[in-house]
Amino acid sequence: MGTLAPRVGLIMGSISDWKILKGASVVLERFGVAYEKRIVSAHRTPDLLHDYAREAKGRGIEVIIAGAGGAAHLPGMVASMTTIPVLGVPVPSTYLKGIDSLLSIVQMPKGVPVATFSIGESGAENAALFAISLLGLSDQTLGDQLIAYRKSLTQSVLDASFPEDE
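First, a word on what this report is: a plain description of the structure on this page. Everything quoted here is computed from the prediction, not taken from an experiment.

Quick notes on the rules
- Residues numbered from 1 in each chain as written.
- Predicted model: local features only at pLDDT ≥ 70, side-chain atom pairs only at ≥ 80, totals over all residues.
- Heavy atoms only, no water.
- Helix = DSSP H or I, 4+ residues; strand = E, 2+ residues; numbered from the N terminus.
- Expected span 1.5 Å × (residues − 1).
- Contact = heavy atoms within 4.5 Å.
- Phe/Tyr/Trp six-rings, centres within 6.5 Å; stacked < 30°, edge-to-face > 60°.
- Buried < 20%, exposed > 50% of the residue type's maximum accessible area, 1.4 Å probe, protein only.
- Pairing = 2+ DSSP bridges.
- Right-handed = clockwise from strand over helix to strand, strands pointing away.
- Polar contact = N/O pair within 3.5 Å; in protein donor to acceptor, adjacent residues only side chain to side chain.

### Examining unusual backbone geometry
In the Ramachandran plot, Ala72 falls in the positive-phi region, its phi being about 50 degrees despite a non-glycine side chain. Residue position: Ala72 is located in the loop between strand 3 (63-69) and helix 3 (74-79).

Put into structure tokens, the structure is as follows:
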């Protein structure tokens with residue numbers, strides 16, 4: 001995104017995961033948060049995964065959003081190699097609809113945390129909002145934008161009306 005140094009790493013196990021993780025990029029862009037997106041497969045590119053996790057902090061990445069389906073080892077493996085907060089997004093799979101991914105990401109051993117979000121698009125967008133919340137702790141402008149966003153959600157509920165009965 002632009003020429004700003006990325007603050008968020010948006011990684012996924014395969015290109016097919018982009019249809020889910022794209023929602024996270026939309027949210028990050030809405031808030032003006034620079035990010036990078038990469039395919040980093042825990043099983044097919046383990047050396048790349050290792051290098052990405054080890055080098056991210058030195059490149060200015062402050063939060064990593066990792067989406068994966070099936071065995072979904074990507075978020076946990078990245079979390080095992082960095083102290084950067086890792087936000088896991090379970091990607092729906094063909095046969096188990098993402099339940100396998102959710103259980104794989106959420107069931108981390110003690111000492112290697114991954115913040116896990118809901119399966120699919122909502123999880124991706126919420127992971128981006130959570131990343132913004134974390135960044136907003138030290139970035140007042142971003143924190144204020146998040147407060148305004150939340151107020152707009154509240155107002156949209158208050159302003160909602162039922163359609164006229166047919």
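### With respect to helix 5 (residues 121-136)
For helix 5, built from 16 residues, the straight-helix expectation of 22 Å at 1.5 Å per residue is met to within 8% by its first-to-last C-alpha distance of 22 Å. Residues of helix 5 that are buried sit in contact with strand 1 (8-12), helix 1 (18-30), strand 3, strand 4 (86-91) and helix 6 (140-159).

### Things to note about the packing of aromatic side chains
Taken as a whole and assessed by the stated rule, the structure comprises 2 aromatic pairs. Ring geometry for Phe31 against Tyr149: centres 5.6 Å apart, planes inclined by 70 degrees, an arrangement best described as edge-to-face. One end of the pair, Phe31, is in the loop between helix 1 and strand 2 (35-39); the other, Tyr149, is in helix 6, and 118 residues separate them in sequence. For Phe31, a relative accessible area of 7% translates into the label buried.

### What about the environment of Phe130?
As for its placement among the helices and strands, Phe130 is situated in helix 5. Given a relative accessible area of 37%, Phe130 falls into the partly exposed group. Expressed as a C-alpha distance, the spacing of Phe130 and Glu55, which sit 75 residues apart in the sequence, is 22 Å.

### A look at the pairing of strand 3
In terms of burial, strand 3 is largely enclosed, as 6 of its 7 residues are buried. Both strand 1 and strand 3 contribute to a ladder of 5 bridges, which runs parallel. Residue pairing for strand 3: Val8 is matched across the bridge by Val63. Handedness of the strand 3-helix 3-strand 4 crossover: right-handed.

### Some points on the side chain of Ser101
Looking at the secondary structure, you find Ser101 in helix 4 (residues 99-106). Engagement of the side chain of Ser101 in a polar contact is seen with the backbone oxygen of Val91, the distance being 3.1 Å. Aside from chain neighbours lying at most four places away, what touches Ser101 is Ala68, Gly69, Gly70, Ala72, Pro90 and Val91.

### Things to note about the pairing of strand 4
When you tally the buried positions in strand 4, you get 6 out of 6 residues, the bulk of the element. In this structure, strand 4 lies alongside strand 5 (residues 115-116), joined through 2 bridges in parallel fashion. The residue of strand 5 that forms the bridge with Leu87 is Ala115. Taking the sense of rotation as the criterion, the β-α-β connection linking strand 4, helix 4 and strand 5 turns out right-handed.

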